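Commentary on secondary and tertiary structure
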Amino acid sequence: MKLSESVKSISYLKAHASEILNDISENQKTMIITQNGEAKAVFQDIKEYEKSQETLALLKILALSGEEIKRGEYKPLKTSLKDISVKIKDFKKSFKK
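Keep in mind that what you see is a predicted model, and the values were worked out from it rather than measured.

Definitions and cut-offs
Residues numbered from 1 in each chain as written. Predicted model: local features only at pLDDT ≥ 70, side-chain atom pairs only at ≥ 80, totals over all residues. Heavy atoms only, no water. Helix = DSSP H or I, 4+ residues; strand = E, 2+ residues; numbered from the N terminus. Contact = heavy atoms within 4.5 Å. Phe/Tyr/Trp six-rings, centres within 6.5 Å; stacked < 30°, edge-to-face > 60°. Buried < 20%, exposed > 50% of the residue type's maximum accessible area, 1.4 Å probe, protein only. Lys NZ or Arg CZ within 6 Å of the ring centre and 35° of its normal.

1. Describing the environment of threonine 34
Relative to the helices and strands, threonine 34 resides in strand E2 (residues 30–35). C-alpha of threonine 34 to C-alpha of serine 6: the two residues are 28 residues apart in sequence and 11 Å apart in space. If we skip the residues at most four places from it in the chain, threonine 34 touches Val7, Lys8, Ser9, Ile10, Ala39 and Lys40.

2. A closer look at the packing of aromatic side chains
Here the distance between the centres and the angle between the planes together describe a pair of aromatic rings. Scanning the model with the defined rule gives 1 aromatic pair in all. For the pair phenylalanine 91 and phenylalanine 95, a centre-to-centre distance of 4.9 Å together with 75° between the ring planes defines the contact as edge-to-face. Placement of both phenylalanine 91 and phenylalanine 95 in helix H3 (residues 77–96) is noted, with a separation of 4 residues, approximately one turn of the helix. A relative accessible area of 52% means that phenylalanine 91 is categorised as exposed. By relative accessible area, which is 61% here, phenylalanine 95 ends up exposed. Just above the ring of tyrosine 12 sits the side chain of lysine 8; from NZ or CZ to the centre is 4.9 Å.

Structure (structure tokens):
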């Protein structure tokens, strides 16, 4: 994203709202809206917004995982796989009855 092409004033937004929304939607752009020369809002294509929210969620999970590892709150892979295997076997047994 070229920031220089994506910064528009609020007066430009008022005069070209429909055109801006079409451009953002068609090109999956993000646009910064200024008021009195200061950035005040961000307009973003909904698909791009959803992607960024998913990315943030994954980053939070990674950060939490890192903290758990530092505290020693984890199981070795072998133990985890064994636990999963036992749960699968128990699940299959429940259907055979």
